[in-house]
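This is what each chain is made of:
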Amino acid sequence: MHKTAPNRRRSDQDNRSAATAVPSAARAGSPIWMQLAKQALPLGIGIIGLWLLWGRIAAMDIARIGDALGAVSAPQWIAALGATALSFWAVGRYDAVVHRHMRTGFNTRTATMTGALSVAAAQTMGMGVLTGALARWRLLPELGVMTATKISATVALSFLAGWALITAVAGLMLPGPDFPALLSALVIAGFAALLVMAFLRPEAQLWRWHIRLPSIKALLAIAGYTALDTLAAAAALQVLMPDTMAIGLENLYPVFLLALGAALISGTPGGVGPFELAMLTLLPHLPEAELMAAIVGFRIVYYAVPALIAAAFLLRPRSIAARPDPLGAGYSAALDPDLREAKRSELGVIRQNGARVLQASGATAALVETAQTITQLFDPLRGQSADLAPALRRLARESNKTACIYKCSARHALRLRQSGMRLLHVANETVIDPARFAPQGSAYRQLRRKLKQAEKAGLDVARAHHLPLAQMAEVDAAWSASHGVARGLSMGRYCGQYLRGQRVFTAYLGHELIGFVSFHVSNHEMCLDLMRARSDAPDGTMHALVNCAIAEARDEGRRRLSLAALPALPPAGAAQGRRARAVARLRHLAAQKTGGLGLVQFKMCFKPRLEPLYMAAPSWPAMALAAADLAREVHLTPTHPLSPAPPRIGAAEV
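About the criteria used
- Sequence order as written defines residue numbering, which begins from 1 separately in each chain.
- pLDDT decides what is reported in this predicted model: residues at 70 or higher carry local features, side-chain atom pairs at 80 or more are listed and counted, and totals for whole chains, interfaces and linings draw on all residues regardless.
- As a rule here, side-chain values come from all non-hydrogen atoms in the structure, and water together with hydrogens is ignored.
- For every residue, the accessible area obtained with a 1.4 Å probe (protein chains only) is divided by the maximum for its type, and the residue is called buried under 20%, exposed over 50%, and partly exposed between those limits.
- Helix and strand assignments follow DSSP, with helices taken as H or I runs no shorter than four residues and strands as E runs no shorter than two, numbered in order from the N terminus.
- The pairing criterion for strands is at least two bridges between them, as found by DSSP.
- For every element, the axis is a line fit to its C-alpha atoms; helices are fit only across the contacting stretch, and the angle between N-to-C directions ranges from 0 to 180 degrees.
- Throughout, a residue-residue contact means that at least one pair of heavy atoms, one from each residue, lies within 4.5 Å.
- In what follows, roughly perpendicular refers to angles from 65 to 115 degrees, roughly parallel to angles under 35, roughly antiparallel to angles over 145, and oblique to any angle outside these ranges.
- Residue polarity follows a fixed list, in which Ala, Val, Leu, Ile, Met, Phe, Trp, Tyr, Cys and Pro are nonpolar, Asp, Glu, Lys and Arg are charged, and the others, Gly among them, are polar.
- In protein, a polar contact means a hydrogen-donor-capable atom and an acceptor-capable atom, both N or O and within 3.5 Å, with residues adjacent in sequence counting only if both atoms are side-chain atoms; elsewhere, any N or O pair within 3.5 Å suffices.

Caption draft 1: Up close: helix H11 (residues 274–282). Taken across its nine residues, H11 has seven buried, putting it largely inside the fold. Those residues of H11 not exposed but buried are Pro274, Phe275, Glu276, Leu277, Ala278, Met279 and Leu280.

Caption draft 2: Main features of the sheet that holds strand S3 (residues 356–360). Strand order in the open sheet made by the eleven strands is S3-S4-S5-S6-S13-S7-S12-S11-S10-S9-S8, with mixed pairing throughout. The open sheet has two edge strands with one neighbour each: S3 and strand S8 (460–463). Within the sheet, the average angular offset between the axes of one strand and its neighbour, ignoring direction, is 30 degrees. Where S8 meets strand S9 (residues 503–509), four bridges bridge the pair, whose relative direction is antiparallel. Counted as the bridge partner of arginine 463 is phenylalanine 505 from S9. Running over the sheet, helix H15 (residues 410–418) touches strand S6 (402–409), strand S7 (422–432) and strand S13 (609–617) and is turned about 145 degrees from S6.

Caption draft 3: Representation of the packing of helix H7 (residues 145–173) against helix H9 (residues 216–239) within the structure. Across the interface, H7 lies against H9 with an axial gap of 9 Å and an inter-helix angle of 75 degrees. Regarding the angle of H7 to H9, the classification is roughly perpendicular. Residues Ser158, Phe159, Gly162, Trp163, Leu165 and Ile166 of H7 pack against Ile222, Ala223, Thr226, Ala227, Asp229 and Thr230 of H9. Broken down by class, the residue content of the contact of H7 with H9 amounts to seven nonpolar, four polar and one charged.

Caption draft 4: Main features of the side chain of glutamate 552. As for its placement among the helices and strands, glutamate 552 is situated in helix H19 (residues 541–555). Glutamate 552 gets classed as buried once you look at its relative accessible area, which sits at 16%. Here arginine 503 takes part through its side chain, which lies 3.0 Å from a polar atom of the side chain of glutamate 552. Those residues in contact with glutamate 552, other than ones at most four positions away along the chain, are Arg463, Arg503 and Phe505.

Purely geometric stuff here, so don't read any function into it on its own.
Below, the structure written as structure tokens:
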């Protein structure tokens, strides 16, 4: 594949990756003596380790070491090479995870291969972050030196964190050297805290650095790949040991991890010296000459062979271009014709929430990205959700996140279930047919009472053709003071420019604005969005505003008006069985804590038709994570304001 505009690609990648702060090996601007001290300390440790090791080797029978190495059979070498290949596959996957996190655009196969080759070269030459960065830049020049350095540093830090976790777990669970249980517990607790932080505070500002933590899926992947990498490497060493050295992998693995830690601290090429010294010290019951022979064989298989392979690729690297981002830009006025034709007018919320557009298999949908998910909002603008699902899953996989579809209708949910997705009934959309709406009879008694109270108070309710934005802002501020931060993501938040694209109805007492509601409008329906009123608004204000909107929809000949969604609460007494009752109690509690019960009471006054809405995810654990993450996003994260000059839409085909 030929390169296209390499300078531009390099600049784009550097700018994109600059959004994620990664500590470098030596921060620019640090005093030179500090940088030299940082390099000198591990080098000094390595030199001391080499000196001590030389003393141990001098006391050994060198001929015996050679004989033990020569006795290694061909099947042993083959098994060691196989374990090494597995280990380096896991090593390469570190890079794949980091590439996804930094959005470099390179696919998993490319990132895995370049990562494995870079580590093979760096671990042999020493100074891993620097040499790894140069190797990655050589293999993928489109990255640019800055991004290559960030990837190298992030991989090194990720491996250290994963090594600490795996070593702590192994110290608690496997036989071997005495390892402080308290220290192991602290390391494991620290990793758990990191997972919690990645969920609750995925982005943070630390001095001048903007830090975007990896997703929970990425953190767990790093831990898993670290376990596989180190276990396979230990197996490569273990199979090279002679039969006379009876030591199982469960006994060798904790020792290997500690020796690997000593090698990492030393900074010497391949950790030579500290690694061997740690192995000899921690395994005193094994014959030193035979153990040393196994380590030499391990050095050949795990260091020399991969380094030679890496050298061949580094001498003649292939040109590999990054894949373009399959997502189009966010909202712009060019998208308005599509929104007007949308079956679900609620998709108008993408004018505010930072959603982007995905096109695949002839279908088009709005996608929002949260800390843990790539989520399709509602039904697609065009086509079927099931047709978009493969592209959605791939996007999520390439972002270290979970694929999710939120609040899709039953028709789309059925096809998603047939494609293997798990479904959860999360809400009911409340729908009214304005042409048939007639609040007569006992069923509408409460609504008529509310409307009479509003009329008796002298409330003037009408559609606002010119928005009184200053007064509306005051009403919103008063509402927020009593209700807290407005929900976002799938619901709108107050913004004058956002409201100019909606239909707004206002309620006045004299010349004072008391409340207002806004509706998304498409050619197929109107959908309730914002509801704001002062705390001293007359009883029935919201009922009167919605009733006015229904009347206008009826005059326009509309057959569908949505009061948006309500929590999926089961009817009283409907839950059968212990599990069903527990789920029902959880749903009721969640609705109560989030104010959903009040909305249920208000909207049911209009006797709407309830249409089930579903959430879809690839698995139940993914569903639980996605549901929790979306709930956090709705309640805690501010909505993106409308840009004064939105970028033009340009969705690319997947």
